[in-house]
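# Observations on the three-dimensional arrangement
The chain contents come next:
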Amino acid sequence: MNLRIPGPTPCPEDVLAAGAAQMMNHRGPEFAQILRRVTDGLNWVFGSPTDVLSFTTSGTGGLEVAIVNTLSPGDRVLSVSIGSFGDRLKSIARTYGADVVGYATEWGEAADATVIAKMLDDDPSIKAVLVTHNETSTGVTNPLEVIAKEVRKRDRLIIVDAVSSMSSIPCPVERWDLDVVVSGSQKGWMVPPGLAFVYMSERAWAANAEAKMPRFYFDAAKTRESLAKLQNPWTPAMSIYYSMDKAFELLRAEGLEGIFTRHEDVAAYTRERVKSLGLKLVPVNEQFASNTVTAVWWPEGIDAKAMSKRAREEFGVVLGGGQGKLEGKIFRIGHLGWFQKSDIAEALDVVERLLTEAKATA
Ligand SMILES: *Cc1c(COP(=O)(O)O)cnc(C)c1O
C-alpha cells in the first residue's frame with residue numbers, strides 16, 4: 001500500500017524491526033541509555049536548550065499536556081484556529097475551564113499576525129496564545145515565526161501545535177522563542193503512533209509552577225523529575241522508544257537541512273502537478289501551502305468517496321480525506337516523514353487516471 005494520509009505515516013523496515021525488540025526493565029540502565037539518546041535526538045530536532053519531555057500518548061494527548069501544565073481555570077487565552085486541529089486545541093482549553101477568546105480564519109487561510117497583535121493589545125488579560133504551526137486539515141502552514149515575535153513583544157505565552165511540522169519543516173523552538181511546543185511520533189518522525197513530545201521554555205515552567213488545571217498522568221513537572229533520573233513516571237510505550245532510537249539514526253544521517261529540503265522539493269512538485277491537472281489547492285495563498293501535506297479540492301460533481309475507494313482498492317494508494325466541513329470535498333496527500341518523490345508521483349498518477357476516467361464517463 002502507498003499510504004498517503006498525513007499520519008500515521010509509513011515507517012522504514014529498520015524502524016519497525018527495532019520496535020519488535022524484547023522488553024527490558026523500564027527503570028534499568030539499558031532503557032536509561034535509550035531514553036537519553038532519544039531525548040538528545042528530540043533536543044536536536046526541536047533546537048531545544050533543555051530536555052524535551054516525552055509522554056505515552058498520541059499528539060492530542062501532547063496538546064492536553066501543554067494546556068493543563070501551563071494554565072489555570074478562568075485564564076483568558078486567545079485561540080488562533082485555521083482548521084480542525086486549531087479547533088481541537090481550543091476545545092481542550094475550554095474543557096479544562098480556560099476563558100477562550102477565538103480568532104478563526106476561513107479554512108484554507110493562514111492566520112494574520114497583525115490581527116493577533118491587535119487582539120493582544122486590546123485585551124491585556126490574555127495570558128496565552130494557542131496556535132497550530134501546520135494545519136493538517138487544510139494543508140496550510142502558519143507564519144509562526146512572525147506570530148511568535150508579536151506574542152513575545154507583548155509578553156504572553158505561545159503554545160504551539162507542531163504535531164505535523166516538527167522534524168519535517170523548520171520549527172526551532174529556542175531561535176523562535178516559543179514557549180510550549182508539541183509533536184507526535186506518527187507524523188514526520190517515521191515512527192508508529194504512541195509518543196508525544198513536549199518542549200517547555202523557562203517562561204512555560206514559571207507558568208507551570210502557578211498552573212491549577214487538574215492533571216495526574218500528564219504532569220510535566222513529575223515527568224521532568226523522572227527524566228532527570230532517565231526514567232518515566234509511568235511505564236512508557238517502550239517499543240516506540242526503540243523505534244525512535246532507530247529513526248534518529250536515519251534522521252541524523254540525512255541531516256536537518258537534507259530533510260527540510262526533501263520536504264520542500266516534493267511539496268513544490270506536488271502542488272505543480274496538482275495544478276497541472278486543473279485542480280485547485282485548498283490553501284488560498286500558496287505562500288502558506290504546507291510542505292508536509294497538500295490539500296486539494298475535488299472538482300464539482302466528483303464522488304469523493306468513490307474516488308478514494310477506487311484509489312485504494314484498485315491501485316493501492318490511500319489518500320487522506322477531508323475533515324469536518326471539508327469531508328467529501330477535498331483529498332489530501334501526505335508527504336512527510338519517510339517518502340520519496342516516486343511515492344508521491346505514483347499517488348498523483350492514480351489521481352490523474354481516475355479523474356480522466358471520470359471525465360470520460362461524465
Ligand atoms: C495528527 C495531528 C494531531 C494529533 O492527532 P493524534 O491523532 O492525537 O495523534 C494534532 N495536531 C495536528 C496538526 C495533527 O496533524
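This structure is a prediction, so every number in the text was calculated from the model and none was measured. (Residues numbered from 1 in each chain as written. Predicted model: local features only at pLDDT ≥ 70, side-chain atom pairs only at ≥ 80, totals over all residues. Heavy atoms only, no water.)

### Topic: the domain arrangement of the chain
Each assigned domain of the chain is listed here: domain 1 (13-252) and domain 2 (256-361). Computed from C-alpha coordinates alone, the two centres of domain 1 and domain 2 are separated by 27 Å. Each partner contributes to the interface: domain 1 provides 25 residues, whereas domain 2 provides 22 residues. The contact between domain 1 and domain 2 buries some 2000 Å² in all, and 67% of this surface belongs to carbon and sulfur atoms. Together, Trp-107, Gly-139 and Ser-168 form the three largest contributors to the area buried by domain 1 at its contact with domain 2, with a combined 25%. Applying the counting criterion to the domain 1 and domain 2 interface returns 0 salt bridges. In this structure, the connection of domain 1 to domain 2 is made through 8 residue pairs in polar contact (both at pLDDT 80 or more). Where the side of domain 1 that touches domain 2 is concerned, the elements lending two or more residues are helix 2 (29-46), helix 4 (84-95) and strand 7 (140-141). For the side of domain 1 that touches domain 2, a count of residues per class yields 11 nonpolar, 12 polar and 2 charged. (Domains from an automatic or database assignment. Contact = heavy atoms within 4.5 Å. Buried area = accessible area lost by both parts, 1.4 Å probe. Salt bridge = Lys/Arg side-chain N within 4 Å of Asp/Glu carboxyl O. Polar contact = N/O pair within 3.5 Å; in protein donor to acceptor, adjacent residues only side chain to side chain. Helix = DSSP H or I, 4+ residues; strand = E, 2+ residues; numbered from the N terminus. Nonpolar A, V, L, I, M, F, W, Y, C, P; charged D, E, K, R; others polar.)

### Concerning the pattern of salt bridges
The final tally for this structure, using the stated rule, is 25 salt bridges. Ionic pairing is found between Arg-36 and Asp-51, a salt bridge with its closest N-O pair at 3.0 Å. Of this pair, Arg-36 sits in helix 2 while Asp-51 is found in the loop between helix 2 and strand 2 (53-56), placing the two residues 15 residues apart along the sequence. For Arg-36, a relative accessible area of 26% gives the class partly exposed. For Asp-51, a relative accessible area of 33% corresponds to the partly exposed category. For the salt bridge of Asp-75 with Lys-127, the shortest nitrogen-to-oxygen distance reads 3.1 Å. (Buried < 20%, exposed > 50% of the residue type's maximum accessible area, 1.4 Å probe, protein only.)

### Some points on helix 5 (residues 113-122)
Taken together, the buried positions of helix 5 are occupied by Ala-113, Ile-116, Ala-117 and Leu-120. For helix 5, the angular spread of the buried residues around the axis is 100°, confining them to a single face. Away from the buried face of helix 5 by more than 90 degrees, exposed residues Thr-114 and Asp-122 are located. Elements that come into contact with the buried residues of helix 5 comprise strand 3 (76-81), strand 4 (99-104), strand 5 (128-132) and helix 6 (144-153). (Arc of directions from axis to C-beta.)

### Details of the packing of aromatic side chains
Evaluation of the coordinates by the stated rule reveals 9 aromatic pairs. Ring geometry for Phe-31 and Tyr-241: centres 5.4 Å apart, planes at 85°, overall edge-to-face. Residue Phe-31 is located in helix 2, and its partner Tyr-241 is located in helix 9 (residues 238-254); the two are separated by 210 residues in the primary sequence. Each member of the pair, Phe-31 together with Tyr-241, is buried. Taken together, a centroid distance of 4.4 Å and an interplanar angle of 45° make the contact between Trp-298 and Phe-331 tilted. With Trp-298 in the loop between strand 12 (293-297) and helix 11 (304-315) and Phe-331 in strand 14 (residues 330-334), this pair connects stretches of sequence that are 33 residues apart. Across this residue pair, the class does not change: Trp-298 and Phe-331 are buried. Counting every residue linked through ring pairs, the aromatic cluster contains Phe-55, Phe-216, Tyr-217, Phe-218 and Trp-234. One Lys or Arg, Arg-252, reaches over the ring of Trp-44 and ends 4.7 Å from the middle of that ring. (Phe/Tyr/Trp six-rings, centres within 6.5 Å; stacked < 30°, edge-to-face > 60°. Lys NZ or Arg CZ within 6 Å of the ring centre and 35° of its normal.)

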